[in-house]
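# Structural characterization, general
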Amino acid sequence: MDIKNVLVIGAGQMGLGIAQVFMTSNYHVSLYDMSEEQIKKGIAFIDKQLNRQVEKAAMTKVEKDEVMNRLYPISSLSNAAQVDLVVEAVVEKMEVKQSLFKELDQLMPPHTILATNTSSLPITEIAAATSRPQQVIGMHFMNPVPVMKLVEIIRGLATSDEVYKVIHETSERLNKVPVEVEDFPGFVSNRILMPMVNEAIYTLYEGVARKEDIDAVMKLGMRHPMGPLTLADFIGLDTCLFIMETLHKGFGDDKYRPCPLLRKYVKAGWLGKKVGRGFFTYDK
């Protein structure tokens, strides 16, 4: 199967990054979001990102215009009923994703592959909402999508070998490095990363060290490019909490129990960089 036309659902940070990498790799991309205002902002954001590439001489103005011409904003999912691949990047709630995939199953032609960018939710459970579970797969990009090379490809219980092969080859055409992962909570990336972040929050919670010093230990001692508390702020503390809760529920193991301080910050609305305050403060 040859992928030519792609539908990206969700014009948030991840969805826009996914749309951009498909556009720059010669795919025609339809972009959908429930908010038309968000789509307008998203198009302006992608245009700005590509203009930076022109300024750096990484692409010409003509090439940039060609890339933008491959983007088609749509106001209804039914307007993209002839796509070969859907990549969903909406809120991390199982009921939302299942409802969306059920609708996509009814709207899209039989050959269309349905992919989710979920960072931790079970692919098998999402696929169960459709009549084509063999064509449902996880395609977990890393943030920021245009920069990060990794794509975790997650098979559901029924995902076919053919669909896996298509998504693997498509990821390589995006100039990404695909890694095959089984359908376990948190996959590989967040199963390893989030407990480390959670432990850093426990270290702060228990008064072992100041937040700046915790980050300094991991940057200077372990050569991490960013300290775990700063990283948590960049990811979003609500997202960190959700992933830890998913791990805790999925494995039933208290080693994944979210730190009470993380819960307190989320309840206070201190969600990290996106709101200007988390473990550190930021200019909004």
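Refer to the preceding data block for the structure.
Everything numeric in this text was worked out from a predicted model, so none of it was measured. (Residues numbered from 1 in each chain as written. Predicted model: local features only at pLDDT ≥ 70, side-chain atom pairs only at ≥ 80, totals over all residues. Heavy atoms only, no water.)

Right, let's get into the side chain of Thr 246. Among the structural elements, Thr 246 can be located in helix 10 (residues 237-251). Taking the relative accessible area as the measure of exposure, Thr 246 reaches 13% and is therefore buried. Apart from the residues within four sequence positions on either side, Thr 246 is in contact with Ser 120, Leu 121 and Pro 185. (Helix = DSSP H or I, 4+ residues; strand = E, 2+ residues; numbered from the N terminus. Buried < 20%, exposed > 50% of the residue type's maximum accessible area, 1.4 Å probe, protein only. Contact = heavy atoms within 4.5 Å.)

As a volume, the second largest pocket reaches approximately 540 Å³. Around the second largest pocket, the lining is made up of 24 residues, and of these Gln 20, Gln 53, Val 145, Pro 146 and Val 147 lie nearest the centre. Mapped by element, the contributors of at least two residues to the lining of the second largest pocket are helix 1 (13-23) and helix 2 (36-55). Ranked by residues supplied to the lining of the second largest pocket, first place goes to helix 2 with five residues. By residue class, the composition of the lining of the second largest pocket is 11 nonpolar, nine polar and four charged. (1 Å grid on protein atoms, 1.4 Å probe; cavity = no way out; pocket = protein on both sides within 12 Å on 5 of 7 lines; lining within 4 Å. Points joined across faces, edges and corners; volume = space filled by probe spheres on them. Nonpolar A, V, L, I, M, F, W, Y, C, P; charged D, E, K, R; others polar.)

The buried count for strand 6 (residues 136-141) comes to six of six residues, which makes it a mostly enclosed element. Along strand 6, one buried face is formed by Val 136, Gly 138 and His 140 and the opposite face, lined by Ile 137, Met 139 and Phe 141, is buried too. Bridge analysis of strand 6 against strand 7 (residues 150-155) gives five bridges, and the strand direction is antiparallel. In the strand pairing of strand 7, Ile 137 is matched with Arg 155. (Pairing = 2+ DSSP bridges.)

By themselves, these are just geometric observations and shouldn't be taken as functional.
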